[in-house]
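Structural characterization, general
One-letter residues, chain by chain:
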Amino acid sequence: MLDMFIFEMTQLVDQLETTIVQSESEYNPDQINEIFRVMHTIKGSCAMMLYDNIAAVGHAIEDLFYYLREESPKNLDFKRLSDHVLESLDFVKAELGKISNGQNSDGDGSALIKDIEAFLKAIKTGTSLPPASAASPAPASPPPAAPAPVAQKTQPVPAPQATSAVTTAPAPAVSEAKSEQEEGDMMYRYKAMIYFQDGCEMENIRAYTLVHNLQDLAQDVTHVPADVIDESAIELIRQNGFELEFVSELDYQRINNHLSQTVYLRELNLVELGTIITEAKPPVEQPPIPMEAAMAAEAPLVESAASDDLTAVASEEAKKKAAAAAIAAATAPSSAAPAATTNLINVSVSKLDTLQNLMGELVISEAMVTQNAELQGLQLDNFHKETRHLRKIIGNLRQTIMSMRLVPLSNTFFKQNRIVRDMCRQLGKEVHLEIIGEETEVDKKIIEHIADPIMHIIRNSIDHGVEMPDEREKVGKPRKARVILEAKNAGGDVLIIIEDDGKGIDTEKVLRKAKENGLTTKPDNEYTEKEIQQFIFLPGFSTNDQVTNFSGRGVGMDVVFKNLEICGGTALVDSVPGVGTTFTLKIPLTLAIIDGMSVRVAGAQYTIPIANIIKSFKPQKENLFTDPNGNEMITDRDEVFNIVRLHEFFHIEGAITNIEDGTLMQLENGEQKICLLVDELLGQQQAVVKPLPKYFKRVRGIGGCTLLGNGDVSIIADVPGFFDN
Amino acid sequence: MAMEHDVSMEANYGAEDTIMDQYLTFVIEDEEYGVEIAVVKEIIKMVPITRVPEMPEFIEGIVNLRGELIGTLDVRKRFGIMPKEHDEETCIIVIIGDRLSPGLGLLGLIVDAVRETAIIPDSQMAPPPSAKLNYANQFIRNIGRVDNDVKLLLDLEKFLALE
């Protein structure tokens, strides 16, 4: 999971960097769009992984480009703009570096964000910008992954670079924290029971962080279990929760707010035990100044990253706990997140293509060598034994290369669970995500293009489609909504279906919005429901007026369509008001690998996707008949089928014309079935579907072509094409 | 061997002037035709061709060129000349279609035989007679003269156009 995240983020960042560097002096609208979209994805992914500090920076850039996209202001300082984006990317990269080294992402992007916001404001108001040097402070991001955890463990004393960079940033927070502390003489005693979410791991470290974060807000902190550094505490906290008792001068609301910001918090029970009136705290009790500064600097981070223990280590080195904490911090990543040593490598698909082509050549040249004419008539027992061996190895190699391109959808699908959960929590909705057919394998190329669309559609379904639980109850639906994410091979296509039982698409609203955005081309009353629904795929279309963290900028569906277009797919939406919405993403055969049945018609070979085949059989004369219109039919087990002769369909000469002499294949396309006449079956094999050469026009009934093991080319039938006569 | 061809021609493409006047000539029936060398990728021997149903007569089918699938046309059929048995000399000229119109990919032209690369400067070229007497004529852009020979230079765009 973490692997995938880092891998994807790295790719996105690289992509952005290339775009920006290429067009530093001026961006065209496409590039602005692209940057906006990529940032949107970065933000979304980071928020999903709870790296809120990165997400916040992403959000700021997204905001900026949202404005640029919508308003396309003139006289933009593109150089400054590029600087801002690149600085942010550096920040993201640095944080990614930390994460992939098993450290916590603890960088603070608030200075960056402030910069970007100032920049945006300046653009908006059209005022001239302050000189660059004044506005952008020293890069807020430390060099990627500077201090390794090991270094910290061995020498806890000097503050590592990362921390120093962090502490410089938010000065105002210091005074705020102070003022809170000096507020009054009333002290309250609290007891809090804290439960972490199941499977959040490192409960003890989280508890430790919690205690640590309380330190400048509370005194006399005691907790059960008392020793959170010891690993045995993990189990205890998991079972019994983490009990905290402390005295603080902050009121219930504030303490509650503070604690409920805890990462991975499942449940919080805060009880006020009593009030203590004390005199103003003697200064001795105050923590030493440098520490306070560091702590206060940390305060804005509380809600961010998984835990701040690295920062904590550096600032607290004077204390006794430091050593223990350092060990905890250093061991935590290794125990919980076995440092992201990637077992994945990034191979470009074009290399895989080349590999596959070479494979084809290897097969051909193997045949040329082993069946060489010059060998004929020779007694070569050993030679033949070796060639069999060679052929076997080549066969295995071929299989492996094939499988390298195939990736099950499960990874992409299960990722959605997290999105659903997070969204539900944020929006207060209840949704159950049902995943079907995640084992469906698709070409890597397709996965790359459909991961984003799926995420966006699910977000949209939950954000716009699913109603609030109370609302659902009112209309007689179960409180918990259901979203189904399903993949299946349908004929020559891979279908990905996302279905929700929400309120459906409000076509009136959609049409109105489409009109506002100038997307309509004919009078309102000429649009059918279906046509109106398809508007949502147009760029810049969003009916949700409020920008949320998840969707609502009209970027989602835009992405869906763009990405699908790249791999030649289509998206359909079908919505019934009050009942729900179904999105169907149809990815064409042309990139997938299919199981195919090779058949022969006259001298030509065709490949029929196995997914369409129900069965094949030799027809019996007594089951054949012709209707008055001359349509040939056959009965099979009380069902009647139309017969389509492949040789007639494709006008192939020299094929078997007598039905009884050939083979019938029962094919299905959705509900419909036909029987297809071919000369004979040749055998089953996997086929990498390639599109027909571009020079050729599209022909009904042809889905593409494939290379056979012997180097021959076979035409792949597009079974649905045989149906709509 | 084919590879070497490939490399040398690709390399030349950068230096426009060195190949500008060069033409690869091939034979159909008794006439010698030429195509600009800049669009030629390589020449391969005849290989099995997979027919694609429902295509115009002159489209022969798909050829597997080292894993790349390329559409292949029979020049004889395109010219409307009687087909002839393929023999030792029959070969396929692989054209880089992208240089004619981006996205076209590679294309194969089946010809009776290839002859040579000829240098034909503009000064030795004449437009074809305006009267189009036969079908093949409409694909000729220019008529080049080398010594005493006449080479009919193909207008590939017209030649490849699918009506």
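Residues numbered from 1 in each chain as written. Chains lettered and ligands numbered in written order. Predicted model: local features only at pLDDT ≥ 70, side-chain atom pairs only at ≥ 80, totals over all residues. Heavy atoms only, no water.

**Side note on the packing of helix α2 (residues 29-48) of chain A against helix α19 (residues 444-465) of chain A**
All names here are of chain A.
- Running from amino to carboxyl end, α2 crosses α19 at an angle of 70°, the nearest separation of the two axes being 12 Å. As the angle between them shows, α2 and α19 are arranged roughly perpendicular. Relative to α19, the crossing made by α2 is left-handed. Side by side, α2 and α19 meet where H40, T41, G44 and S45 of the first sit next to D452, M455, H456 and R459 of the second.
- Looking at the contact of α2 with α19, its residues break down into 1 nonpolar, 5 polar and 2 charged. (Axes fitted to C-alpha atoms, helices over the stretch in contact; angles between N-to-C directions. Helix = DSSP H or I, 4+ residues; strand = E, 2+ residues; numbered from the N terminus. Parallel < 35°, antiparallel > 145°, perpendicular 65-115°, else oblique. Left-handed = near helix turned anticlockwise from the far one by under 90°. Contact = heavy atoms within 4.5 Å. Nonpolar A, V, L, I, M, F, W, Y, C, P; charged D, E, K, R; others polar.)

**Considerations on the interface of chain A and chain B**
- Contacts between the two partners involve 21 residues from chain A, matched on the other side by 26 residues from chain B.
- Buried surface at the junction of chain A and chain B, both sides included, amounts to about 2000 Å², of which 70% is carbon and sulfur.
- The largest share of the area that chain A buries against chain B comes from Y695(A), F696(A) and V713(A), three residues that together contribute 38% of it.
- Put simply, chain A and chain B have 0 salt bridges between them. (Buried area = accessible area lost by both parts, 1.4 Å probe. Salt bridge = Lys/Arg side-chain N within 4 Å of Asp/Glu carboxyl O.)

**As for the confidence of the model for chain A**
All names here are of chain A.
- Mean pLDDT over chain A: 73, with 76% of residues reaching 70 or higher.
- The low-confidence segment residues 128-184 (pLDDT under 50) makes 79 contacts with residues lying over four places distant or belonging to another chain.
- Across residues 545-554, where pLDDT falls below 50, the model places 34 contacts with residues more than four positions away in sequence or in other chains. (pLDDT = per-residue confidence, 0-100.)

**Observations regarding the sheet that holds strand β7 (residues 106-111) of chain B**
Residues and elements named next belong to chain B.
- The 5 strands lie next to each other as β3-β6-β7-β5-β4, forming an open sheet whose pairing is mixed. Only two strands of the sheet have a single neighbouring strand rather than two, namely β3 (40-45) and β4 (59-65). Averaged over all pairs of adjacent strands, the angle between strand axes in this sheet comes to 30°, irrespective of strand direction.
- Relative to β7, strand β6 (residues 91-96) runs antiparallel, the two sharing 6 bridges. Each bridged residue has a counterpart across the sheet, and for V94 the counterpart in β7 is G108. (Pairing = 2+ DSSP bridges.)

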